[in-house]
Amino acid sequence: MAEMLAARLHIPSREVRVEEVPVPEPGSGQARVEVRAAGVCLSDVHLTDGTLTPRLLKGDVVTLGHEVSGVIDALGAGVTGWAVGDRVVLQAGEADGSGTRGVDFDGGYAEYTLATPRSLVPIPAGLPFEQACIIPDAVSTPWAAISATAAVRPGEAVAVWGIGGLGAHAVQLLRLIGAAPVIAIDPLPAARARGISAGADAVLDPADPRLREIVSTMTGGQGLDAAFDFAGVAAAREQAMLLLGKGGRLIVVGLANGPLTVPNDIALAYFGQSVRGHYGSHPDHLHQLIGLSVRGRLDLAGSISDVLPLAEAPVALGRLARKEGDPVRLILRP
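Here the structure is a predicted model, which means the values were calculated and not measured.

K.L.:
Teacher, can you tell me more about the overall build of the chain here?
P.N.:
Looking only at helices and strands, the chain has 10 helices and 16 strands in total. The globule rule puts the C-alpha radius of gyration for 334 residues at 20 Å, and the 20 Å found for the chain is close to it. Projected onto its principal axes, the C-alpha positions of the chain cover 65 × 45 × 35 Å. Considering the chain as a whole, with its 334 residues, one finds that 53% of them fall into the buried category. Partitioning the intrachain contacts of the chain with sequence separation of at least 6 by distance along the chain shows that 69% fall at a separation of at least 24. As presented, the chain carries roughly 14100 Å² of accessible surface, and 52% of it is formed by carbon and sulfur atoms.

Structural data, given as structure tokens:
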């Protein structure tokens, strides 16, 4: 039986090992994809440090990786509409309720991975695999949070807390749809610089004693229409809620795994404010973003901080955990 390299998370020890495992055979209704690029996400780090634990995983070992692009290598029985050689990106989850790729079932930190046709999205030849692979999650999650959960409209005042892998794309996408002003908030100078590069109208340190005054001035005293927490930090959420205006909504995307406190319930009620949770994206969002990318509306080239061989998956996870080099997205290439 042919074997391949895969970066596998052993849940009991939370250790990631690059191992030789059998190349998976596509069953009925499945396609096998030769992985060309896989994004390294902070969620993968959270799986290794114990912040997150798979809910639906059968067993205690899983191949990581939910941001995956590649080429169809083989088709199982009954698969139509696809051909060997098709370039694809994989949705982060399957529609059958099996959970999230690379969390609840084997993902793309491997030379080959399996997917159902419903989770395959075609990508054109002009879109590099390294950029395509990060669209599921790193780009589609903030896009869905902005366009669907928050329903941001042109001209609305917005702010983003946490200018990391998702937050940097949120700034870029908010500018794309015409939100104004777009304010980026992060305690790290390098992250604030990234916010400027992504198109923020202003970047602020959350510890700045003048932050509330600055936001008020920039919004004409009206406060924020939408605030996005990509940091997963309780203090950021509370700060964001205090800066909301009438009808303002806080969109919680970052995972803190802790209680959420409303600092002022009178303002929440009187001004009709809201707190909305957001997770992931839908297939339509991937199609939209691929279209924006190939038409030159969305440039993801600057999001690729480095490309490493699959064998260095543990190194990549460590670099992201330590924010070494301040990466937006590290990419693994089998």
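K.L.:
Which parts of the structure should I look at to understand the sheet that holds strand β14 (residues 274-277)?
P.N.:
The strands making up a sheet associate through backbone hydrogen bonding, with each pair oriented either parallel or antiparallel. The parallel open sheet is built from 6 strands, whose spatial order is β11-β10-β9-β12-β13-β14. Strands at the two margins of the open sheet, each flanked by one partner only, are β11 (202-204) and β14. On average, adjacent strands in this sheet sit at an angle of 20 degrees to one another, irrespective of strand direction. Two elements, strand β9 (residues 158-161) and strand β12 (residues 224-229), share 4 bridges in a ladder whose sense is parallel. Considered in β12, the bridge of W161 is made with D229.

K.L.:
Got a minute to help me understand the pairing of strand β3 (residues 31-40) in this structure?
P.N.:
Most of β3 is tucked away, with 8 of its 10 residues classed as buried. Pairing geometry for β3 and strand β7 (residues 112-115), over 4 bridges, is antiparallel. The partner of A31 across the bridge, within β7, is A115. Relative to strand β16 (residues 329-333), β3 runs antiparallel, the two sharing 3 bridges. Counted as the bridge partner of G39 is I331 from β16.

K.L.:
In this structure, what is going on with helix α10 (residues 313-321)? I would like to understand it.
P.N.:
One turn of an α-helix holds 3.6 residues; hence residues three or four places apart share an orientation. Those residues of α10 not exposed but buried are A313, A316, L317, G318, R319 and L320. Those residues of α10 hidden inside the fold are in contact with β1 (3-10), β2 (15-22), β3, α1 (42-49), β15 (304-309) and β16. Of the residues trailing α10, K323 is marked for its positive phi of about 55 degrees.

K.L.:
Is there a simple way to explain the nonpolar core in this structure?
P.N.:
Nonpolar side chains in soluble globular proteins tend to be buried together. Residues V152, L174 and F228 are the most contacted members of the largest nonpolar core, which totals 45 residues. Going through the elements one at a time, α2 (129-132), α3 (135-149), β9, α4 (165-177), β10 (182-185), α5 (189-198), β12 and α9 (283-294) are the ones with two or more residues in this core. Membership of the second largest hydrophobic core comes to 21 residues, among which are V16, L57, L308 and L320.

K.L.:
Sorry if this is basic, but what is going on with the pattern of salt bridges here?
P.N.:
A side chain with one charge can pair with a side chain of the opposite charge if their charged atoms come near. Enumeration according to the criterion identifies 18 salt bridges in this entry. Its salt-bridge partner being D326, residue R194 comes within 2.7 Å of it at the nearest N-O pair. Here R194, found in helix α5, pairs with D326, found in the loop between α10 and β16; they are 132 residues apart in sequence, far enough to count as distant. The salt bridge partner of R319 is D306, with a shortest N-O separation of 3.0 Å. Placement of R319 in helix α10 and of D306 in strand β15 is noted, with a sequence separation of 13 residues between them. The network of salt bridges with common partners includes E15, R17 and E19.

K.L.:
I would appreciate a short explanation of unusual backbone geometry in the present structure.
P.N.:
Among all residues except glycine, the phi angle is most often negative; among peptide bonds, the trans geometry is most common. A180 connects to P181 through a cis peptide bond whose omega is -5 degrees. Within the secondary structure, P181 sits in the loop between α4 and β10. Even without being glycine, K323 reaches a positive phi, approximately 55 degrees. The residue K323 is located in the loop between α10 and β16 in this model. One non-glycine residue, D326, adopts positive backbone phi at about 50 degrees.

Definitions and limits used
- Think of each chain on its own: its residues are numbered from 1, step by step along the sequence as written.
- Given that this is a predicted model, residues contribute local features only at a pLDDT of at least 70 and side-chain atom pairs are listed and counted only at 80 or more, while totals for whole chains, interfaces and linings are drawn from all residues.
- Computation of side-chain values: all heavy atoms of the structure, hydrogens and water removed.
- For helices the rule is a DSSP run of H or I covering at least 4 residues; for strands it is a run of E covering at least 2, with both sets numbered from the N terminus onward.
- As a reference, a globule follows 2.2 Å times the number of residues to the power 0.38, and the radius of gyration itself is taken over C-alpha atoms.
- Whether a residue is buried, partly exposed or exposed follows from its accessible area with a 1.4 Å probe, protein chains only, as a fraction of its type maximum: under 20%, in between, or over 50%, in that order.
- Contact criterion: two residues are considered in contact whenever any of their non-hydrogen atoms come within 4.5 Å of each other.
- Using the Shrake-Rupley algorithm and a 1.4 Å probe, accessible areas are obtained, with residue cover drawn only from the displayed protein chains.
- The rule for pairing is simple: two strands pair if DSSP sees at least two bridges between them.
- Comment: axis = line fitted to C-alpha atoms, over the contacting stretch for helices; angle = value between 0 and 180 degrees taken between N-to-C directions.
- Definition used in this section: a nonpolar core is a set of buried Ala, Val, Leu, Ile, Met, Phe, Trp, Tyr and Cys residues joined via side-chain atoms within 4.5 Å.
- When a carboxyl oxygen of Asp or Glu is within 4 Å of a side-chain nitrogen of Lys or Arg, the pair counts as a salt bridge.

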